[in-house]
Every structure is written in structure tokens, then in C-alpha cells.
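Structure assessment
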Amino acid sequence: MRTEGATVAFLDIEKVVFTYPGRAPVVDGVDWRMQAGEFHCLLGRSGCGKTTLLKLAAGLLKPQSGRIVLRGGELAAPGPQVGFMFQAPTLLDWLSALDNVLLPVSLQRRPTPQDAQRALRLLDQLGLASHAQHHPRQLSGGQQSRVALARALVLEPPLLLLDEPFAALDAITRAELQDDLLRTCRERGTTVLFVTHDINEAVYLGDRIALMHGGRIVENWTITLPAPRMQAMRHGPAFNDYCARVRAAMDGAGT
Ligand SMILES: Nc1ncnc2c1ncn2[C@@H]1O[C@H](COP(=O)(O)OP(=O)(O)OP(=O)(O)O)[C@@H](O)[C@H]1O
Ligand SMILES: [Mg+2]
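Nothing here was measured: the structure is a model prediction, and the numbers come from that model.

Criteria and cut-off values
Residues numbered from 1 in each chain as written. Chains lettered and ligands numbered in written order. Predicted model: local features only at pLDDT ≥ 70, side-chain atom pairs only at ≥ 80, totals over all residues. Heavy atoms only, no water. Helix = DSSP H or I, 4+ residues; strand = E, 2+ residues; numbered from the N terminus. Near = heavy atom within 4 Å. Polar contact = N/O pair within 3.5 Å; in protein donor to acceptor, adjacent residues only side chain to side chain. Areas by Shrake-Rupley, 256 points an atom, 1.4 Å probe, with all protein chains shown as cover. Nonpolar A, V, L, I, M, F, W, Y, C, P; charged D, E, K, R; others polar. Pairing = 2+ DSSP bridges. Axes fitted to C-alpha atoms, helices over the stretch in contact; angles between N-to-C directions. Contact = heavy atoms within 4.5 Å.

**Observations concerning unusual backbone geometry**
Cis geometry is found at the peptide bond from alanine 227 to proline 228, where omega equals -5 degrees. Looking at the element boundaries, proline 228 is found in the loop between strand E10 (216-222) and helix H8 (237-252). With a phi angle near 50 degrees, glutamate 156 is a residue other than glycine that sits in the positive phi range. Along the chain, glutamate 156 falls in the loop between helix H5 (141-153) and strand E7 (159-163).

**Topic: the site of ligand 1**
Lining the immediate environment of ligand 1, one finds Tyr20, Arg23, Val26, Arg45, Ser46, Gly47, Cys48, Gly49, Lys50, Thr51, Thr52 and Glu164. Take glycine 47: an N or O atom from its main chain is 2.8 Å from an oxygen atom of ligand 1. For ligand 1, whose accessible area on its own is 640 Å², the fraction buried by protein is 63%. In the shell around ligand 1, the residues fall into 3 nonpolar, 5 polar and 4 charged.

**Notes on the sheet that holds strand E8 (residues 191-196)**
Across the sheet, which stays open at both edges, the 6 strands sit in the order E6-E7-E8-E3-E9-E10 with mixed pairing between neighbours. Since the sheet does not close on itself, it has two edges, and those belong to strand E6 (82-85) and E10, each with one partner. The mean angle between the axes of side-by-side strands here comes to 15 degrees, regardless of whether they run parallel or antiparallel. Sheet strands in contact with H5 are E6 and E7, and its direction is about 165 degrees off that of E6.

Okay, structure coming up:
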């Protein structure tokens, strides 16, 4: 593994095991390390344990054995250092887009004008400046996903955990949001763990890809496509070669 032997990793998932009561382990001895600023994708078919692993990395679930170490300290509970975006946008319908983005702040303290400015800047970066006062029901699915992404970013978390955030979107909107996400995280130096079951998405976004199957990471790749990524790369031989290799591994894993 590329990070082997490095000093302290940014996020270190060490031999983590998690079992829901009365079941076999759904995360079964996962080791994974991320360095600051890296973008990793976690790939695997439905039910292989991706969401459970992400919740463990967020501190929302506690491993039965092993541990999660974030910037040198063991993670015991969710905190402002981690931004989490669920698969469904889960916006509050009675709040405007702006107030939805400010929710993580409001849960801690009264938002300041600086907080509101930061939230508006995020909405602007994500192409939603004119929708700040709209309510979720007045927004399209893609716009709701952008609001949820802005909400995950508003506290400027150094670690962002995203669970199939664009799964419900059409291909063009999805490609736009992928580029928005890459740019925003690059500008902020955010470290990202991104769950998807879409091979193309994983190859486009990831510096590294981990393939999960039956609660384990069964294969991983370092993706050396040029940064920043550009949509035209999707048509090139290097991109398609990565996709073919990952697909062959998924087929081989029986997924
Ligand atoms: N709260 C729960 N109680 C019991 N079993 C659960 C619970 N949540 C998930 N599971 C089981 O754990 C396994 C892994 O679930 P998980 O949600 O992590 O999968 P996933 O890889 O995210 O799947 P998907 O791609 O469909 O989102 C599944 O077999 C699921 O049925
Ligand atoms: Mg899931």
C-alpha cells in the first residue's frame, strides 16, 4: 500500500470489525489509511458494508474491535472535524436552502453573519446563489444534493464522508457535481472518502479506490490520471483501462 510506513496518517482505519446484533460481521477486519488531502473511493455492490464502514469512520458507530484514528487521536464520537453526506439529501423541508446549509452551525450556536456569508459563498460556488431563500420542495433533486453538499462543507471539516451522494442524478448533472466537488475539495484541501457503486465515478474522482466485498477490502488501486480531472479524460484509453481492471476485479470477487 502506498501509505505503508508513512508517519501518522490523516485517517487510519485499523483492523476494524463491526457486527449488527445476531449477524455475521458486516465489516470484517478492514485496514485502510488516508493521507491529508487525498480523495478515496470505496466501491462495492449493494450490501457489502460500505455505509457501515463510512458510519464507523464518522464515529456514528463504534467498532467491536479495531479502531479509527483521525489525525493521531482515536475517534470516539461524531464531531465537527467530520462532514457527512447521506445518500438521500435529508433536507429539512421547513427551512430555506440557506438555513439548511447553516444547520450544523445552528445545532452548536447561533449563526453569525460570517457563518451566513460562508454558507452563501458555498451555495454560490455550487451554482445555487439565486436559490438561497428557496425551500427544498422548490428545488430539483440535483439542487437538493448541492444544498446537502454545502451543508456537509459549511463547518469546513477536514474530513468529508460521502455516501453515494449523486446516485439519484442524471448523468450530466452528476458529471457537473463531480467536478464541483473535486474543485471545492481541492481548494480547501479536504480529505474525502466517497462511497459509490459506479466504477466510472470511482475512477474519475479517486486518487485511490478500495473494492469492498463481504465486509472486507479485497483489492485496491492508485489512480494516476492527471489532476485536475477533466470530463474529456473519460474517453481516453488510460481511463477505460482502469475501468476495465476494476470491473474484472469486481467480477472476480463474485460481486
Ligand atoms: N441497522 C442494521 N441492522 C442490521 N443489519 C444491518 C443494519 N444496517 C445494515 N445492515 C446489514 O449490513 C449489511 C451491510 O449494509 P450496508 O448498509 O453497510 O451496505 P452497503 O454496502 O452500504 O449497501 P448499499 O450499496 O445497498 O447501500 C447488509 O447485509 C445489511 O442488511
Ligand atoms: Mg449503503
